[in-house]
Amino acid sequence: AHSGKLIESGIKAAAGVRLHNIISDGIALDIDSDIGLLHSFYNEMTGTFDSDIEKQISQYVHLADNAAALHIGANEGENMLLTLGALTADALDINDLDVRTREEASRSITRLDNAIRHVSAQRAIVGAQISRLGSTISNLGTASLNLTNSRSRIADADIAKEMMEFTKLNIISKAANSMLAQANQINTGVLTLLG
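Rules used in this analysis
- Residues numbered from 1 in each chain as written.
- Predicted model: local features only at pLDDT ≥ 70, side-chain atom pairs only at ≥ 80, totals over all residues.
- Heavy atoms only, no water.
- Helix = DSSP H or I, 4+ residues; strand = E, 2+ residues; numbered from the N terminus.
- Contact = heavy atoms within 4.5 Å.
- Areas by Shrake-Rupley, 256 points an atom, 1.4 Å probe, with all protein chains shown as cover.
- Buried < 20%, exposed > 50% of the residue type's maximum accessible area, 1.4 Å probe, protein only.
- Salt bridge = Lys/Arg side-chain N within 4 Å of Asp/Glu carboxyl O.

A. Expanded view of the overall build of the chain. Each helix and strand counted, the chain has one helix and six strands in total. Ordered by position from N to C terminus, the α and β elements of the chain give β-β-β-β-β-β-α. Of all intrachain contacts in the chain linking residues separated by at least 6 positions in sequence, the fraction that spans at least 24 positions is 31%. Entry remark: accessible area of the chain is about 15800 Å², with carbon and sulfur atoms responsible for 58%.

Here is the structure:
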């Protein structure tokens, strides 16, 4: 479930915090508040619980992909991933804005600007995906029309071939009937001469 690679080394984070844009732009990582409990142990000498807080702890994170894969072509592997980043107040980091002081208001403006920038980037991504799907629909429509025309031409060619075969056999049949009629007339002529 993980690649085993460090996303970024040297990051120090306390339990229960949120780290933004470390993995990728717009992705927030919540550090579980129980993480410290996993690295606690009972010290029998002192009768207390101690923690390995000084040790470096590596945590593996499995990120679920929220992309939808669409098969957009006639051949294998012609796929398109539709993705949309998280746009919740938590993901945009605007859920707890404070404007009571000048400094907090200034920080809130910066956070709002970042959120607007992120939403605009997501809108651009969605617009590009819609445009690509539109052109794919147009291309698939043209391919479908070409395929229908090709099928029609093949069917017409098959019918023409069968009609040629039918006409040929009809001519052979008529020629055979004509030759049979002539052969019958020869027998009648010979009998008339003999009689």
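So much for the structure itself; the text now carries on.
B. Fine view of unusual backbone geometry. Phi at Asp93 takes a positive value of approximately 60°, unusual for a residue other than glycine. Here Asp93 is to be found in the loop between strand S6 (79-82) and helix H1 (102-194).

C. Structural detail: the environment of Thr88. Along the polypeptide, Thr88 turns up in the loop between S6 and H1. The exposure class of Thr88 is partly exposed, given its relative accessible area of 46%.

D. Examining the pattern of salt bridges more closely. Enumeration according to the criterion identifies five salt bridges in this entry. Between Arg111 and Asp93 there is a salt bridge whose closest N-O contact spans 3.5 Å. With a gap of 18 residues between them, Arg111 in helix H1 and Asp93 in the loop between S6 and H1 connect regions that are remote in the sequence. Arg111 gets classed as partly exposed once you look at its relative accessible area, which sits at 21%. Of the charged contacts, one joins Arg111 and Asp96 as a salt bridge, the two residues approaching to 2.6 Å between their closest N and O atoms. With a gap of 15 residues between them, Arg111 in helix H1 and Asp96 in the loop between S6 and H1 connect regions that are remote in the sequence. Salt bridges linked by common partners bring Asp93, Asp96 and Arg111 together as one network.

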